[in-house]
Amino acid sequence: MELITMGAGSLAGFVFRYMAERAKDRQAQFEMFMKRTKAIEDSAHNASKRETGDAGKAVRRIIVLSILFGVILAPFILAMFGMSSIVEIDVIQPTYLFGIFGGGIEKAFIELPSYLLMPEVRQSLMAIIGYYFGNATASCRS
């Protein structure tokens, strides 16, 4: 009986000691987490003090205005002054000897009495429009 009592006592002592050590580990992890959270908050706060964002806004506005000018205003202005421009097109090359030789797509540029409007400029405009509409939609939700 004493052997069982001693075994049960040592088992209970082990379990309680194990639980106490686990509680200490969890407490240490929690304290490290709180220190990390505090450091992240301090870093974000310091970064918000350093950067006002005004320079970034000005650069973004210049980019948007130049793309809008290139897509909307410039074609009309240049067409009124009769200036010629260049258009990029894809030309499919013929194949020879059952498709073994030749073929492919080649870029060609044709002069027109107008303004060059490349697909990249149109895609940039669509990206800007999507960004601003998405930004406005997200800011309306509260």
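Conventions adopted
Residue positions within a chain follow its written sequence, with the count starting from 1. For a predicted model such as this one, the threshold for reporting local features is a pLDDT of at least 70, and the threshold for listing and counting side-chain atom pairs is 80 or more; totals across whole chains, interfaces and linings nevertheless cover every residue. Computation of side-chain values: all heavy atoms of the structure, hydrogens and water removed. Each helix corresponds to a stretch of at least 4 residues labelled H or I by DSSP, and each strand to a stretch of at least 2 residues labelled E; elements are numbered beginning at the N terminus. A simple rule labels every residue: compare its accessible area, found with a 1.4 Å probe on the protein chains alone, to the largest value its type can have, and call it buried under 20%, exposed over 50%, or partly exposed in between. Any two residues whose heavy atoms approach within 4.5 Å at even a single point are treated as in contact. Note on areas: these come from Shrake-Rupley sampling with a 1.4 Å probe, and a residue is covered only by the protein chains present in the view. The aromatic pairing rule takes the rings of Phe, Tyr and Trp, using the six-membered ring of Trp, and pairs them if the centres are within 6.5 Å, calling planes under 30 degrees apart stacked, those over 60 edge-to-face and the rest tilted.

**Q** Tell me about the overall build of the protein, and please be specific about residues and values.
**A** Scanning the protein from N- to C-terminus turns up 3 helices and 4 strands. Taken across its 142 residues, the protein has 7% of its residues classed as buried. Taking the contacts inside the protein whose residues are at least 6 apart along the sequence as the reference set, 52% of them involve residues at least 24 apart. Here the protein has roughly 12200 Å² of accessible surface; of this, 68% comes from carbon and sulfur atoms.

**Q** Could you give me a rundown of the packing of aromatic side chains, with the residues and numbers involved?
**A** Summed over all chains, the structure comprises 1 aromatic pair. Ring centres of Phe-14 and Tyr-18 lie 6.2 Å apart, and the angle between their planes is 20°; this geometry places the pair in the stacked category. With Phe-14 and Tyr-18 both in helix α1 (residues 2-50) and 4 residues apart, the pair spans about one turn of that helix.

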